[in-house]
Amino acid sequence: LDNARIHHAKMVKEFLQEEGQCFHFIYLPPYSPQLNPIERLWKWLKDTVIANVFHKDRNDIIQAINRFVNYIHERPEEVLQRLGCAG
């Protein structure tokens, strides 16, 4: 987990006290998005769907996001490689 405030919230701490034996969370150092693969996915999404693209309305943005999601679902090996999670 990154060190977002929500990950340290009372609700999370209570959950861990009740269910903690099932989970082991590792907190990443602050300001280290390079260690979190999901950050690379968000960047890829933004670069593909938002950066330098004009969307005529909200529905157009939703369709672009859906195309991106479909693309990554169809190419899991490429996604893992791009995110640095595969050899």
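Above this text is the structure in question.
Asker: Give me the overall build of the protein: which residues, what numbers.
Answerer: Across its full length, the protein holds 4 helices and 0 strands. Secondary structure of the protein in N-to-C order comes out as α-α-α-α. For 87 residues, the compact-globule estimate of 2.2 N^0.38 gives 12 Å, and the C-alpha radius of gyration of the protein, at 17 Å, exceeds that figure by more than 25%. Seen through its principal axes, the protein has C-alpha atoms that stretch 45 × 35 × 25 Å.

Asker: Account for unusual backbone geometry, with residues named and values stated.
Answerer: Of note, the phi angle at Tyr-31 is positive, near 55°, even though the residue is not glycine. Assessed through its relative accessible area of 82%, Tyr-31 is described here as exposed. Even without glycine at this site, Asn-52 takes up a positive phi of about 55°. Tracing the chain through its elements places Asn-52 in the loop between α2 (37–50) and α3 (58–74).

Asker: Give me the packing of α2 against α3: which residues, what numbers.
Answerer: Put simply, α2 and α3 touch, their axes get as near as 10 Å, and they point 130° apart. Taken together, the axes of α2 and α3 lie oblique to each other. Considering only the axes of α2 and α3, their crossing is right-handed. Two secondary-structure elements touch here, α2 through Leu-41, Trp-44, Leu-45, Thr-48 and Val-49 and α3 through Ile-61, Ala-64, Ile-65, Phe-68, Tyr-71 and Ile-72.

Asker: Mind laying out the side chain of Ser-32, listing which residues take part and the relevant values?
Answerer: Within the secondary structure, Ser-32 sits in the loop between α1 (10–19) and α2. Looking at Ser-32, the relative accessible area reads 9%, which means it is buried. In this structure the side chain of Ser-32 is engaged in a polar contact, spanning 2.4 Å, whose partner is the backbone oxygen of Pro-29.

Asker: Break down α3 for me, citing the residues and quoting the values.
Answerer: Here α3 is 17 residues long and its end C-alpha atoms lie 25 Å apart, about the 24 Å a rise of 1.5 Å per residue gives. Among all positions in α3, only Asp-60, Ala-64, Phe-68 and Ile-72 are buried. One side of α3 holds all its buried residues, which, seen down the axis, span an arc of 110°. Seen from the buried face of α3, the exposed residues on the opposite side, beyond 90 degrees, are Arg-58, His-73 and Glu-74. On its buried face, α3 sits against α2 and α4 (76–82). Structurally, the start of α3 carries an N-cap: the backbone nitrogen of Asn-59 is 3.2 Å from a side-chain oxygen of Asp-57.

Asker: Can you explain the packing of aromatic side chains? Please cite residues and give values.
Answerer: Evaluation of the coordinates by the stated rule reveals 2 aromatic pairs. Measuring from centroid to centroid gives 5.3 Å for Trp-44 and Phe-68, while their planes differ by 85°, and the two rings are edge-to-face. Taken together, the residues span a long stretch of sequence, with Trp-44 in helix α2 and Phe-68 in helix α3 at a distance of 24 residues. Since its relative accessible area comes to 5%, Trp-44 is described here as buried. Here Trp-44 and Tyr-71 contribute two aromatic rings whose centre-to-centre distance is 6.4 Å and whose plane-to-plane angle is 90°, an arrangement assigned as edge-to-face. Highlighted residues: Trp-44 in helix α2 and Tyr-71 in helix α3, separated in sequence by 27 residues.

Definitions and cut-offs
Residues numbered from 1 in each chain as written. Predicted model: local features only at pLDDT ≥ 70, side-chain atom pairs only at ≥ 80, totals over all residues. Heavy atoms only, no water. Helix = DSSP H or I, 4+ residues; strand = E, 2+ residues; numbered from the N terminus. Rg over C-alpha atoms; globule rule 2.2 N^0.38 Å. Buried < 20%, exposed > 50% of the residue type's maximum accessible area, 1.4 Å probe, protein only. Axes fitted to C-alpha atoms, helices over the stretch in contact; angles between N-to-C directions. Parallel < 35°, antiparallel > 145°, perpendicular 65-115°, else oblique. Left-handed = near helix turned anticlockwise from the far one by under 90°. Contact = heavy atoms within 4.5 Å. Polar contact = N/O pair within 3.5 Å; in protein donor to acceptor, adjacent residues only side chain to side chain. Expected span 1.5 Å × (residues − 1). Arc of directions from axis to C-beta. Phe/Tyr/Trp six-rings, centres within 6.5 Å; stacked < 30°, edge-to-face > 60°.

These values are about where atoms sit, not about what they do.
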